[in-house]
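Structural characterization, general
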Amino acid sequence: SNTSIDSNGFIQQASPLVKLYSDHTEKNDSLEVQSVQFEKLATGRYQLSNCPPLSNDGWFLEQPKNRNGDVYHNVEWHYDEAERTLRIETFARSWNSQTGQYDNGAAVDTQSGRFISLRFEENPELYPIETEEEVNGQA
């Protein structure tokens, strides 16, 4: 029950999850992400405010891929813990034949209808633990 479908149609472990589109976000029901605010700063530049850090347990960022499994763009991100702000930048991929790697090209938005999945740290303090009596309706 703690799963989500990513932009590529694969099932991923969920928890606090935000889907980052080029013009908006969608949040799951986790309390940690309900106050997250989205701002598009420019083409390929997004800011999420009032958010927890990205998960350090398992995956934390999944981006759209083509049918060959290659990502559509490069993603750079920076989290400011003091401001609780996450900045995401997406770039066209530019092949560098000298290094044999893809470099960041021009800033680009995510494709229409596709999104970057962002998984955040869980905060157990937000979820009171039910006693066995409460679960069985005896409290």
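Our subject is the structure listed above.
Along each chain, numbering runs from 1 in the same order as the chain's sequence is written. For a predicted model such as this one, the threshold for reporting local features is a pLDDT of at least 70, and the threshold for listing and counting side-chain atom pairs is 80 or more; totals across whole chains, interfaces and linings nevertheless cover every residue. The basis for every side-chain value is the complete set of heavy atoms in the structure, and neither hydrogens nor water enter the calculation.

**Examining the overall build of the chain**
We count a stretch as a helix when DSSP gives it H or I for four or more residues in a row; a strand needs E for two or more, and each element gets its number in order from the N terminus. Along the chain, the regular secondary structure elements total 1 helix and 11 strands. Listed N to C, the secondary structure of the chain is β-β-β-β-β-β-β-β-β-β-β-α in terms of helices and strands. In this scheme, a residue with accessible area under 20% of its type's maximum is buried, one over 50% is exposed, and one in between is partly exposed, where area comes from a 1.4 Å probe on protein chains only. Each of the 139 residues in the chain was classed as buried or not, and the buried ones make up 36%. Taking contacts inside the chain between residues at least 6 apart in sequence as the whole, the part at least 24 apart equals 54%. Split by element, the accessible area of the chain, about 8600 Å² in all, is 44% carbon and sulfur. We call two residues in contact whenever any of their non-hydrogen atoms come within 4.5 Å of each other. Computed with the Shrake-Rupley method and a 1.4 Å probe, the accessible areas treat only the protein chains shown as cover for residues.

**Things to note about the side chain of Gln47**
Within the secondary structure, Gln47 sits in strand β6 (residues 45-49). For Gln47, a relative accessible area of 17% translates into the label buried. Sequence-distant contacts of Gln47, defined by excluding residues within four places in its chain, comprise Gln37, Phe38, Glu39, Leu41, Thr85, Leu86 and Arg87.

**Looking at the pairing of strand β8 (residues 73-80)**
Consecutive side chains along a regular strand alternate between the two faces of the sheet. Between any two strands, pairing holds if DSSP finds at least two bridges. By the bridge criterion, 8 bridges tie β8 to strand β9 (residues 85-96) in an arrangement that is antiparallel. Considered in β9, the bridge of His73 is made with Ala92. Linking two consecutive strands that pair antiparallel, namely β8 and β9, is a turn of 4 residues; a positive phi of about 55° is found at Arg84 within it.

**Points about the sheet that holds strand β4 (residues 25-27)**
Read from one edge of the open sheet, 4 strands run β4-β3-β11-β7, paired in antiparallel fashion. The open sheet has two edge strands with one neighbour each: β4 and β7 (61-62). The sheet contact formed by strand β3 (residues 17-20) and strand β11 (residues 116-119) spans 4 bridges and is antiparallel. By the bridge assignment for β11, Leu20 is matched with Ile116.

**Digging into the packing of aromatic side chains**
Any Phe, Tyr or Trp ring, taking Trp's six-membered ring, that has another such ring centre within 6.5 Å forms a pair; planes under 30 degrees apart are called stacked, those over 60 apart edge-to-face, and the others tilted. Taken as a whole, this structure holds 4 aromatic pairs when the rule is applied. Here Tyr21 and Phe115 contribute two aromatic rings whose centre-to-centre distance is 5.2 Å and whose plane-to-plane angle is 50°, an arrangement assigned as tilted. In this pair, Tyr21 sits in the loop between β3 and β4 while Phe115 sits in the loop between β10 (101-107) and β11, placing the two residues 94 residues apart along the sequence. Per residue, the accessibility class of Tyr21 equals that of Phe115, and both read buried. Both rings, one in Phe60 and one in Trp77, keep their centres 5.6 Å apart while their planes meet at 65°; by these two values the pair is edge-to-face. Placement of Phe60 in the loop between β6 and β7 and of Trp77 in strand β8 is noted, with a sequence separation of 17 residues between them. The exposure class of Trp77 is partly exposed, given its relative accessible area of 41%.

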